[in-house]
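Reading the structure
In case you want the letters, here they are:
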Amino acid sequence: MYLCRLYLYAVGTELTPIMRLVILDDYALASEWAAKYICNRIIQYNPGPDKYFTLGLPTGSTPFGCYKKLIEYHKRGDLSFKYVKTFNMDEYVGLPRDHPESYHSYMWNNFFKHVDIDPNNAHILDGNAADLQAECEEFERKIQEADGIELFVGGIGPDGHIAFNEPGSSLVSRTRLKTLAMDTILANAKYFDGDLSKVPTMALTVGVGTVMDAREVMILITGAHKAFALYKAIEEGVNHMWTVSAFQQHPRTIFVCDEDATLELRVKTVKYFKGIMHVHNKLVEPLHSMKN
Ligand code: PGA
């Protein structure tokens, strides 16, 4: 019985709550692993007109490589987004939708326009809505109408924020208007000519609770500047000052990171998870229907 449980834990069947830490050598390999995982999950779900796959998506520099790979799989004919609905994590408030740094622009330029998703199925919060509160409530309603999110992909900030759930956010928060932390504004200044006065100070964001409701969560963490956040996320307790730590209590979370992001972890944590990479890698093996 014990052995049987151990096996289930390692393989991670649909029934088994599990937290995985997947460690790849570098950013490119981490991006590729994440994209292969998303691809396999969509194909195995077998979506169709009566059964859409719902995917939560992030913006930022981290997921860029993953989107590139997903586009590649689409272009070679392995992956279709025809029966996929997406919900993005967040959007700035007050930035015109067609501003090059809006998350609408990011998603269309870096992903949506290169794949076969129906634009009506790609949901992004409207940071220019007349009633921002109503916009947030409507977003939550649409997620529910889509039968919840199957796989929520996210990134984090060096301060451990997930989406724009800054340190101190409620771990049961829902989609809402947030004032951004100074750290986040400073980090985002690089996208606005380094000019702090141009960086939006508010955003609409899904809550930690919104992401927690997803049936599975995959969090991408790369770079030494995120190492302390990864340590807080997995080696210390759940703490609303590091909102990503909430996912320790999610039944199915995968943290996908590169070596640099593990710099603050204990050697034994890294050794353990690296030692079971052969199990994790089974999840991204090409499926029979794919061109290798
Ligand atoms: P990054 O941003 O991917 O550009 O590092 C992530 C975030 O701040 O959530």
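Parameters and conventions
Residues numbered from 1 in each chain as written. Predicted model: local features only at pLDDT ≥ 70, side-chain atom pairs only at ≥ 80, totals over all residues. Heavy atoms only, no water. UniProt positions renumbered as here; feature names shortened; annotations may be inferred. Near = heavy atom within 4 Å. Polar contact = N/O pair within 3.5 Å; in protein donor to acceptor, adjacent residues only side chain to side chain. Nonpolar A, V, L, I, M, F, W, Y, C, P; charged D, E, K, R; others polar. Helix = DSSP H or I, 4+ residues; strand = E, 2+ residues; numbered from the N terminus. Buried < 20%, exposed > 50% of the residue type's maximum accessible area, 1.4 Å probe, protein only. Lys, Arg positive; Asp, Glu negative; His and termini not counted. Salt bridge = Lys/Arg side-chain N within 4 Å of Asp/Glu carboxyl O. Contact = heavy atoms within 4.5 Å.

Where an unreviewed UniProt entry is consulted, the protein appears under the name Glucosamine-6-phosphate deaminase 2, with the organism given as Engystomops pustulosus. Entered under Subunit (unreviewed entry) in the UniProt record, the comment concerning the protein runs "Homohexamer." The record held by UniProt for the protein lists under Sequence similarities (unreviewed entry) the comment "Belongs to the glucosamine/galactosamine-6-phosphate isomerase family."

Our focus in this paragraph is the site of the ligand. Taken together, Gly60, Ser61, Thr62, Gly155, Ile156, Gly157, His161, Tyr191 and Lys226 make up the full set of residues adjacent to the ligand. Here histidine 161 contributes a side-chain N or O atom positioned 2.8 Å from an oxygen atom of the ligand. Counted by class, the shell around the ligand contains two nonpolar, six polar and one charged residues.

Bringing the environment of isoleucine 221 into the picture now. Relative to the helices and strands, isoleucine 221 is located in strand S9 (residues 217-221). Taking relative accessible area as the criterion, isoleucine 221 reaches 0% and is therefore assigned buried. For isoleucine 221 and aspartate 258, which are 37 residues apart along the polypeptide, the C-alpha to C-alpha distance reads 7.1 Å.

Among the structural elements, arginine 176 can be located in strand S7 (residues 176-179). The buried charged residue arginine 176 lacks any salt bridge partner; its closest oppositely charged side chain belongs to glutamate 140, at an N-O distance of 7.6 Å. Among the polar contacts made by the side chain of arginine 176, one reaches the side chain of asparagine 165 at a distance of 2.8 Å. A polar contact is formed between the side chain of arginine 176 and the backbone oxygen of arginine 174, at a distance of 3.1 Å. For arginine 176, the contacting residues outside a window of four places in its chain are Cys136, Asn165, Ser169, Ala203, Leu204, Thr205, Val206 and Gly207.

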